[in-house]
Amino acid sequence: MTTAAPARTVLERFPAGGPRGSWPAEEYAAAQRAQGTQAHVVMDLRTDQFLVVTDTTTR
């Protein structure tokens, strides 16, 4: 039995090498959540980026 991963929409990408103490991906995700979008941050190891994603279809 295989389980399909839910479709995700990438809202924004942020480089992983930001300044120490700076969390732009988390701040962006929080702003999206404040506007009603269920956004969260995941790490894309292949591209070394933080992705702000939502499990819902947007646009």
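Everything in this summary refers to the structure shown in the same document. (Residues numbered from 1 in each chain as written. Predicted model: local features only at pLDDT ≥ 70, side-chain atom pairs only at ≥ 80, totals over all residues. Heavy atoms only, no water.)

### Topic: the nonpolar core
This is how the line gets drawn: What makes a nonpolar core is a set of buried Ala, Val, Leu, Ile, Met, Phe, Trp, Tyr and Cys residues whose side-chain atoms join them at distances within 4.5 Å. Each residue's exposure class comes from its accessible area (1.4 Å probe, protein chains only) as a fraction of the maximum for that residue type: buried when under 20%, exposed when over 50%, partly exposed otherwise. Each helix is a run of DSSP H or I of at least 4 residues and each strand a run of E of at least 2, with the numbering of both proceeding from the N terminus. We call two residues contacting when some pair of their heavy atoms lies within 4.5 Å.
Counting residues in hydrophobic clusters, the biggest one holds 6 residues: L11, F14, A25, A29, A39 and V52. Mapped onto this core, the elements with two or more residues apiece are β1 (9-15) and α1 (24-34). Setting aside its immediate chain neighbours within four residues, A25 contacts F14, V41, F50 and V52.

### Considerations on the pairing of strand β2 (residues 39-44)
The test is simple: In this analysis, strands are considered paired if DSSP registers two or more bridges between them.
As paired strands, β2 and strand β3 (residues 49-54) are joined by 6 bridges and run antiparallel to one another. Of the residues in β3, the one forming a bridge with V41 is V52. Hairpin geometry of β2 and β3 is characterised by an intervening segment of 4 residues between the two adjacent antiparallel strands and by a positive phi of about 55 degrees at D48.

### Focus: the sheet that holds β3
Heads up, the rule is: A fitted line through C-alpha atoms represents every axis, and for helices the fit uses only the stretch in contact; the resulting angles, taken between N-to-C directions, go from 0 to 180 degrees.
If you walk across this open sheet you meet the 3 strands as β1-β3-β2, and the pairing is antiparallel. This sheet does not close on itself; its edge strands, each paired only once, are β1 and β2. With direction set aside, neighbouring strand axes in the sheet form an average angle of 30 degrees. Both β1 and β3 contribute to a ladder of 6 bridges, which runs antiparallel. Counted as the bridge partner of P15 is Q49 from β3.

### Some details on α1
The criterion, for reference: To be clear, the arc concerns the directions from the helix axis to the C-beta atoms.
Within α1 the residues assigned to the buried category are A25, A29 and Q32. Buried residues of α1 fall within an arc of 60 degrees about the axis and therefore sit on the same side. Residues of α1 that are exposed and angled more than 90 degrees away from the buried face: E27 and A34. Check the buried side of α1 and you find it contacts β1, β2 and β3. Immediately downstream of α1, the backbone of G36 shows phi near 100 degrees, a positive value.

### Digging into the pattern of salt bridges
To keep things clear, this is the line we draw: Salt-bridge detection follows one rule: a side-chain nitrogen of Lys or Arg within 4 Å of a carboxyl oxygen of Asp or Glu.
Under the defined criterion, the tally for this structure stands at 1 salt bridge. When the shortest N-O distance is used, the salt bridge between R8 and D55 registers 3.6 Å. Residue R8 is found in the segment before β1, and its partner D55 is found in the segment after β3; the two are separated by 47 residues along the sequence. For D55, a relative accessible area of 42% corresponds to the partly exposed category.

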